[in-house]
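A look at the structure
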Amino acid sequence: MKRLLLVNGPNLNLLGTREPQIYGHETLDDVVALAERVAAEEGLELRAVQSNHEGALIDAIHEARTDCGGIVINPGGLTHTSVVLRDALTGVGLPVAEVHVSNVHAREEFRHHSFVSGIASCVIAGAGIQGYEFAIRRLARVMGETPTPA
């Protein structure tokens with residue numbers, strides 16, 4: 001069975017309580033439960049990680065190269081600031097789906113740039129936590145089209 005890594009970056013542990021008018025009332029636990037259900041429907045296992053620390057996220061991404069076929073990531077604020085997160089994602093050579101709960105393009109100008117989008121197989125923004133479902137389903141298709149390395 002193939003596995004996906006689900007990465008949620010800084011402050012996503014506050015989903016449901018942090019600015020619910022922007023991010024909604026669903027929690028990170030709701031995100032993980034949805035992601036696990038959708039991954040299972042696609043015949044995938046899911047490993048979920050959330051951290052407020054960039055290095056912990058990078059370590060999890062590096063580890064994914066040994067047992068995962070793709071990465072779904074909501075980098076949070078690191079989207080707009082972290083070259084090293086992008087380097088980790090490109091370094092492991094796995095397909096990536098980028099997710100944002102809010103529509104970052106309808107928000108402050110500094111949120112319009114993503115260091116991850118340019119290397120992502122797909123980018124989903126503004127669909128609430130349903131964006132994770134879209135990303136997992138799309139990444140499952142991408143992984144099915146990508147030959148497994150020998």
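Quick look at the structure, then. (Residues numbered from 1 in each chain as written. Predicted model: local features only at pLDDT ≥ 70, side-chain atom pairs only at ≥ 80, totals over all residues. Heavy atoms only, no water.)

1. Examining the sheet that holds strand S2 (residues 44–50)
Pairing is parallel across the open sheet formed by five strands, whose spatial order is S2-S1-S3-S4-S5. At either margin of the open sheet sits one strand with a lone partner, and together these are S2 and strand S5 (122–125). With direction set aside, neighbouring strand axes in the sheet form an average angle of 15 degrees. As paired strands, strand S1 (residues 2–8) and strand S3 (residues 70–74) are joined by five bridges and run parallel to one another. Bridge pairing in S3 links Asn8 to Asn74. Of the strands in this sheet, S1, S2, S3, strand S4 (96–100) and S5 are in contact with helix H5 (residues 130–145), which crosses S3 at around 160 degrees. (Pairing = 2+ DSSP bridges. Helix = DSSP H or I, 4+ residues; strand = E, 2+ residues; numbered from the N terminus. Axes fitted to C-alpha atoms, helices over the stretch in contact; angles between N-to-C directions. Contact = heavy atoms within 4.5 Å.)

2. Regarding the layout of surface pockets
As a volume, the second largest pocket reaches approximately 180 Å³. Around the second largest pocket, the lining comprises 15 residues; the ones closest to its centre are Arg18, Tyr23, Gly76, Gly77 and Arg111. (1 Å grid on protein atoms, 1.4 Å probe; cavity = no way out; pocket = protein on both sides within 12 Å on 5 of 7 lines; lining within 4 Å. Points joined across faces, edges and corners; volume = space filled by probe spheres on them.)

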